[in-house]
Amino acid sequence: MKIAAEAVELGHAPKILMYGPDARDHPVLRTIAAATARAGGDVVEVHRDILEKVSRRDNPQTVVAVFEQVFAPLAALDPGSAKAWVALQAVRDPGNLGTIIRTADAAGCGGVILVGECCDPYSVEGVRATMGSIFAVAVARASVAEFLAWRARWTGQVVGTLLTATTDFRAAALGAPSVILLGNEQAGLTAELAAACDVNVKIPMRGRADSLNLAVAAGVMIYAATG
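Helix and strand counts for the protein come out as eight helices and ten strands. Judged by the C-alpha coordinates and their principal axes, the protein covers about 60 × 40 × 30 Å. Each of the 227 residues in the protein was classed as buried or not, and the buried ones make up 47%. Side chains of the protein give 20 positive and 22 negative charges; the mean places of these two sets differ by 4 Å.

See the structure below:
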């Protein structure tokens, strides 16, 4: 219910709102239901077994909402609106993607750009991991060619993260606005995208682990860029 309520506060009304009998008299539900009705959506009371099937959980929430997916066009992204942006190439894990969107929201990033064949940010796992930030952060999609064409017009800096880079991320002069570009969980950035960056940096590994989880690495870089 919390995520649905936050979506309504941010101007996103559900297309379909389903709720169980236990939530019928909850004041927050009434607010969400009213917004859904005003937008022409459907409000339906359902049994618990329906909520279980829709949410794919044995212990479902008492409220499930269906929203229209929204993707921002690359041309609409305003470099002057934020200090940092995030671009992800071929990210595969919806949990990682959702966590990165949530971190980008927390740090005040301008948006998240999905480059190439990425997982769906609107999957159940992805939306859950955003904890509502999916409705607060602009998400754009682009092919590699489209991203490179957009990058050529980008007025700020593009910073790639690369295990083979020689520059420590703490030593790099991160200007504003910056696009933090991270690659796939297994393969990292392709050579083509790494070559398109103004600088490639690495996060030093001092222990036995040779890499960081993608969402953790993104968090480190996001806060380095946003101060």
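Attention now goes to the side chain of Thr161. Position of Thr161 relative to the elements: it lies in strand E7 (residues 157-161). Setting aside chain neighbours within four positions, we find Thr161 in contact with Leu181, Leu182, Leu189, Asn200, Val201 and Met221.

Right, let's get into the sheet that holds strand E1 (residues 16-19). Across the sheet, which stays open at both edges, the three strands sit in the order E2-E1-E3 with mixed pairing between neighbours. Looking at which strands have only one partner, the edges of the open sheet turn out to be strand E2 (42-45) and strand E3 (63-66). For this sheet the average axis-to-axis angle between neighbouring strands, irrespective of direction, equals 15°.

Along the chain, Asn96 falls in helix H4 (residues 94-107). Classification of Asn96 as buried rests on a relative accessible area of 8%. Engagement of the side chain of Asn96 in a polar contact is seen with the side chain of Glu185, the distance being 3.3 Å. In contact with Asn96, other than residues within four places in its own chain, are Glu185, Asn213, Leu214 and Ala215.

Once that is clear, we can look at the packing of aromatic side chains. Inspection of the entire model under this criterion finds five aromatic pairs. Taking the centre distance of 5.4 Å and the plane angle of 80° together, the rings of Phe71 and Tyr122 count as edge-to-face. Here Tyr122 lies in the loop between strand E5 (111-115) and helix H5 (124-130) and Phe71 lies in the loop between E3 and strand E4 (84-89), a separation of 51 residues in the sequence. Here Phe147 and Trp150 contribute two aromatic rings whose centre-to-centre distance is 5.7 Å and whose plane-to-plane angle is 35°, an arrangement assigned as tilted. Of the two residues, Phe147 and Trp150 both sit in helix H6 (residues 144-153), three residues apart, roughly one turn of that helix. The exposure class assigned to Phe147 is buried, which follows from its relative accessible area of 1%. Ring-pair connections join several aromatic residues into one group, and the members of that group are Trp85, Phe147, Trp150 and Trp154. One residue, Arg141, lies across the ring of Phe71, its end atom 3.7 Å from the ring centre.

What counts as what
- Residues numbered from 1 in each chain as written.
- Predicted model: local features only at pLDDT ≥ 70, side-chain atom pairs only at ≥ 80, totals over all residues.
- Heavy atoms only, no water.
- Helix = DSSP H or I, 4+ residues; strand = E, 2+ residues; numbered from the N terminus.
- Buried < 20%, exposed > 50% of the residue type's maximum accessible area, 1.4 Å probe, protein only.
- Lys, Arg positive; Asp, Glu negative; His and termini not counted.
- Charge placed at Lys NZ, Arg CZ, Asp CG, Glu CD.
- Contact = heavy atoms within 4.5 Å.
- Pairing = 2+ DSSP bridges.
- Axes fitted to C-alpha atoms, helices over the stretch in contact; angles between N-to-C directions.
- Polar contact = N/O pair within 3.5 Å; in protein donor to acceptor, adjacent residues only side chain to side chain.
- Phe/Tyr/Trp six-rings, centres within 6.5 Å; stacked < 30°, edge-to-face > 60°.
- Lys NZ or Arg CZ within 6 Å of the ring centre and 35° of its normal.

Nothing here speaks to function; it is all geometry.
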